[in-house]
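Each chain, letter by letter, is given below.
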Amino acid sequence: MTFACPQQPNLHLPLSHLSDGICDCCNGVDEDVGICPDICDEVLKAERETHAKLLKGYELGSNKRNQELFKFKQFRKEKLEEIQQWKTERTSLDPQPSIQQAQEIKVNYTQERKKMAESLVRTSTLLAGMTTSELQTMTVLACQLSGEMGIHTDGGTTCGALRLAGLEGGLLWGEDNYNDKSTMRIVPNPDLAKLIFHNTAEGEYFWTLQEEYQGKTTTNRRRLEEEGMPEDYEDSHDYDDHFGDDDDDDDDDGEDDHTAQDHYKKKRKVNNNNKNNNNMSELEKEFVERVKTMSFSDVRRSFLKRSTELVEEIATALKSSTTDESDEAAEEQATKNTVDREAFNKVKSNLRTKEMTITKGFKSGASALLFFSANEELSLEQLRSLTFYTIYYGKLAAVQTWQAMIAAVDGLKDTDVDSSNAQTCGSPWAGSCPPKTIDRDGTVIPSSVLIKTAEEYCLNQATIAMDACAQVQETDGIPTDIPDGYFGYVTPVAVEEDGDDPIRKMFAPLASFPIEKEAVQKLEEEKERIEQEITALEGKMKDAWKAIGGKDGKKMGPKGELFSLADQCFSVEAGKYTYEVCVFKGAKQKDGDNAGGTSLGKFKRMDYNEETGERTLYWENGQQCWNGPARSATVHITCGAENKILSADEPDTCRYVLQMESYIACDDDYKKRMGL
Ligand code: MAN
């Protein structure tokens, strides 16, 4: 039981407060008559004022709140309609048909190309009559030559021409070297088609079934670089170590493909860390040795030997020109040669270039040898195709093809003449001119096309080469120049694509095989366009959902009431700071020295407590407090006509509590609670 003051219905007194000598009710009826004065006018006026103020605030606020809720309702409706429309648009967008069509063209192209390539090799007499082992040797030599020419070398170590020749016949194999039989496989056509189509359409050669060959610029794409890739200096150390003191690592190779450069640089770095060992495996080294001892390499070996001697002579000569001490050998040299440092260095670098060229050829040839040793089960037909297209991709001219063939097939040269010459100097082809032929069951080797080339060669270049060699033989001491053909070694040059080399002409049907590049390009653009549209649509839908508080609408609070505060900032000054909170964004504490502000966190959520009707906004994960937590801020909202921050406080270090007035809190529940 309580006693209610008659003019103050909200004031309930416990019965013990009656007649206790304290005036509780404003009209004094809780005490005996005459004790308390009637002060109801005064008291009720203040109460009435507060009540009136609250009521006014509520009415204005509730009005605004309702307006804003209506706005949000409209907005939400519009957004949902838009989303629906975009959804429909989205379902009509499908890049798949374009992808499919492009793929069909590619597959078709690859199939037709393969047929053509197969018939080309089948009908060609170029390699007719050759045995499996001869074809293998021929391929190794083609790789050696293309390696020297710098054609399609992958970092200068494996024979790219052979890989591409494999692709032509539907064969693809391991990535890092040729020694992985398990990875060699006939590739499922669609994948291979992409690769082959890309290679031909772009003239940019890739050989793995990775995304990279689709032309994306990644740093580690596996691409067969064509010419212009700088040599790996460490390579030469494998054979001759006399350039160890030369640090001229920054040769200008004219290469301006940054990706390729980066790739190369990375590779070189690895090698530099591994100076003495290089990064060849024992097995690879063994195969390089084998290539070095093949008869085709005789000239190269003798060149390398001579080169080593010459470099030593040059070193001695240069030394004697700088020291006064009478070193007999040096003096002898010095009198023989007028020491021209510049000329000597030029000769030295010339020798070095050739050495590196030869080394690259050894490695490329060795990779092919390695490949054959790991893949013994290849058929004669497959081998012929590999050899045939290695010649094509290796860009061998007819004369080089002939030279490889006479080294691969017994009986096409006089071995005595050749080997004795190779020890000194002389045309390595001395034993082969005039060109010989052999007859195998009616098949003449080499084929007529090569014989014609060989005859011409023997008539012209061979004698020139021999003369050059003889001339070199006669000059004593250090030469002033290292001409092509010095000690029998002629640096091979890639055949001209559009020239009239008979072999290149033979490959013309393949080189000019029609490719629907534009059609595919269009389809790929279409696919790209569709995908972009999809991305754009999905982005718009995502934004639209976000604008209305997510799919469940929760982020916008009850009935979407946060919508009117969305992205708005409110600030208040307190002490020496200005506090600024932005709904859905960040909160800051600013002062004079720190105009940019200290972060008090990012907006996290709004809590609505149904029991108390309290609304609280949270910002979390602000700037770390010295020896304390990350800064955070909470804003407590009470009903009012405006949206404004009333106060800010820091009850615990780096924890900020703000009071805010906002019409979003002026709901029916508030009205009831406050008895308005
Ligand atoms: C700054 C302000 C203060 C806070 C201290 C804590 O001065 O952010 O609000 O208490 O850092 O070191």
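Look up: the structure comes first, before these words.
Residues numbered from 1 in each chain as written. Predicted model: local features only at pLDDT ≥ 70, side-chain atom pairs only at ≥ 80, totals over all residues. Heavy atoms only, no water.

Draft legend 1. Layout of the state of the cysteines. With the rule as written, the count across this model stands at 8 disulfides. Between the sulfur atoms of Cys5 and its disulfide partner Cys25 the distance amounts to 2.0 Å. Here Cys5 and Cys25 share a disulfide; its torsion about the S-S bond, -80°, makes the bridge left-handed. Of this pair, Cys5 sits in strand E1 (residues 2–5) while Cys25 is found in the loop between strand E2 (8–14) and helix H1 (40–92), placing the two residues 20 residues apart along the sequence. Side by side, Cys5 and Cys25 carry an identical accessibility label, which is buried. Between the sulfur atoms of Cys625 and its disulfide partner Cys654 the distance amounts to 2.0 Å. Classification of the bridge connecting Cys625 and Cys654 rests on its S-S torsion, roughly 65°, and on that basis the disulfide is right-handed. (Disulfide = S-S within 2.5 Å. Helix = DSSP H or I, 4+ residues; strand = E, 2+ residues; numbered from the N terminus. Buried < 20%, exposed > 50% of the residue type's maximum accessible area, 1.4 Å probe, protein only.)

Draft legend 2. Representation of the site of the ligand within the structure. The local shell around the ligand consists of Tyr577, Gln589, Cys625, Arg631, Glu650, Thr653, Cys654 and Tyr656. The contact in question runs from an oxygen atom of the ligand to an N or O atom on the side chain of Tyr577, over 3.2 Å. Between the ligand and Arg631, the relevant distance is 2.9 Å, taken from an oxygen atom to a side-chain nitrogen or oxygen of the residue. If the ligand stood free it would expose 310 Å²; the protein chains cover 66% of that surface. Residues belonging to the shell around the ligand are distributed by class as follows: 4 nonpolar, 2 polar and 2 charged. (Near = heavy atom within 4 Å. Polar contact = N/O pair within 3.5 Å; in protein donor to acceptor, adjacent residues only side chain to side chain. Areas by Shrake-Rupley, 256 points an atom, 1.4 Å probe, with all protein chains shown as cover. Nonpolar A, V, L, I, M, F, W, Y, C, P; charged D, E, K, R; others polar.)

Draft legend 3. Here's a closer look at the environment of Thr123. Summarising the element assignment, Thr123 is placed in helix H2 (residues 96–123). At 2.7 Å, the side chain of Thr123 forms a polar contact with the backbone oxygen of Ser119. A polar atom in the side chain of Thr123 sits 3.4 Å from the backbone oxygen of Leu120.

Draft legend 4. Region of interest: the nonpolar core. In terms of nonpolar packing, the biggest core is built from 98 residues, with Leu127, Tyr389, Ile391 and Met405 touching the most fellow members. It is helix H11 (residues 341–374) that contributes the most residues to this core, 11 residues altogether. If near-sequence neighbours (up to four positions away) are discounted, Tyr389 is found in contact with Ala117, Glu118, Leu120, Val121, Ala161, Ala165, Glu168, Gly394, Phe507 and Leu510. Of all hydrophobic cores here, the second largest spans 44 residues; its members include Ala544, Met606, Leu617 and Ile637. (Core = buried A, V, L, I, M, F, W, Y, C linked by side-chain atoms within 4.5 Å. Contact = heavy atoms within 4.5 Å.)

Draft legend 5. Here's a closer look at the environment of Asp607. The residue Asp607 is located in strand E12 (residues 594–608) in this model. Separated by 50 residues in sequence, Asp607 and Gly557 place their C-alpha atoms 8.0 Å apart. Separated by 3.0 Å, the side chains of Asp607 and Arg605 make a polar contact.

Draft legend 6. Spotlight on the pattern of salt bridges. Inspection of every chain in the model, using the stated rule, returns 29 salt bridges. A salt bridge links Arg90 to Glu538, with the shortest nitrogen-to-oxygen separation between them at 3.0 Å. Here Arg90, found in helix H1, pairs with Glu538, found in helix H19 (residues 517–547); they are 448 residues apart in sequence, far enough to count as distant. For Glu538, a relative accessible area of 40% corresponds to the partly exposed category. Each member of the salt-bridge network shares a partner with another, and the members are Arg65, Glu561, Arg615 and Asp667. (Salt bridge = Lys/Arg side-chain N within 4 Å of Asp/Glu carboxyl O.)

Draft legend 7. View of the packing of H2 against helix H12 (residues 380–393). It is the contact of H2 with H12, at a shortest axis distance of 10 Å, that shows an interaxial angle of 100°. Here H2 lies roughly perpendicular to H12, going by the angle between them. Judged by residue contacts, Arg113, Ala117, Glu118, Leu120 and Val121 of H2 engage Arg384, Ser385, Phe388, Tyr389 and Tyr393 from H12. (Axes fitted to C-alpha atoms, helices over the stretch in contact; angles between N-to-C directions. Parallel < 35°, antiparallel > 145°, perpendicular 65-115°, else oblique.)

Draft legend 8. Molecular detail of the packing of helix H8 (residues 282–292) against H11. Orientation of H8 relative to H11, taken along the N-to-C sense of each, is 110°, at an axis distance of 8 Å. The pairing of H8 with H11 is recorded here as roughly perpendicular in orientation. For the pair formed by H8 and H11, the contact residues are Leu283, Glu284, Phe287, Val288, Arg290, Val291 and Lys292 on the first element and Phe362, Lys363, Gly365, Ala366, Leu369, Leu370 and Ser373 on the second.

Draft legend 9. View of the packing of aromatic side chains. In the structure shown here, the tally under the stated rule is 21 aromatic pairs. A ring pair is formed by Tyr109 and Phe197, whose centres lie 5.4 Å apart and whose planes are at 80°; its orientation type is edge-to-face. Residue Tyr109 is found in helix H2, and its partner Phe197 is found in helix H5 (residues 189–202); the two are separated by 88 residues along the sequence. When the centroid spacing of 6.4 Å and the interplanar angle of 85° are considered together, the rings of Tyr389 and Tyr392 count as edge-to-face. Of this pair, Tyr389 and Tyr392 both sit in helix H12, separated by 3 residues, roughly a single helical turn. (Phe/Tyr/Trp six-rings, centres within 6.5 Å; stacked < 30°, edge-to-face > 60°.)

Draft legend 10. Spotlight on helix H15 (residues 448–459). Spanning 12 residues, H15 covers 17 Å between terminal C-alpha atoms, matching the ideal 16 Å at 1.5 Å per step. All of the buried residues in H15 are Leu450, Ile451, Thr453, Ala454, Tyr457 and Cys458. Angularly, the buried residues of H15 cover 165° about the axis, an arc narrow enough to put them on a single face. With respect to the buried face of H15, the exposed residues turned more than 90 degrees away are Ser448, Lys452, Glu456 and Leu459. (Expected span 1.5 Å × (residues − 1). Arc of directions from axis to C-beta.)

Draft legend 11. Main features of H5. Here H5 contains 14 residues, and its C-alpha end-to-end distance of 19 Å stays within 8% of the 20 Å for a straight helix at 1.5 Å per residue. A positive phi of about 65° marks Gly203, the residue just after H5.

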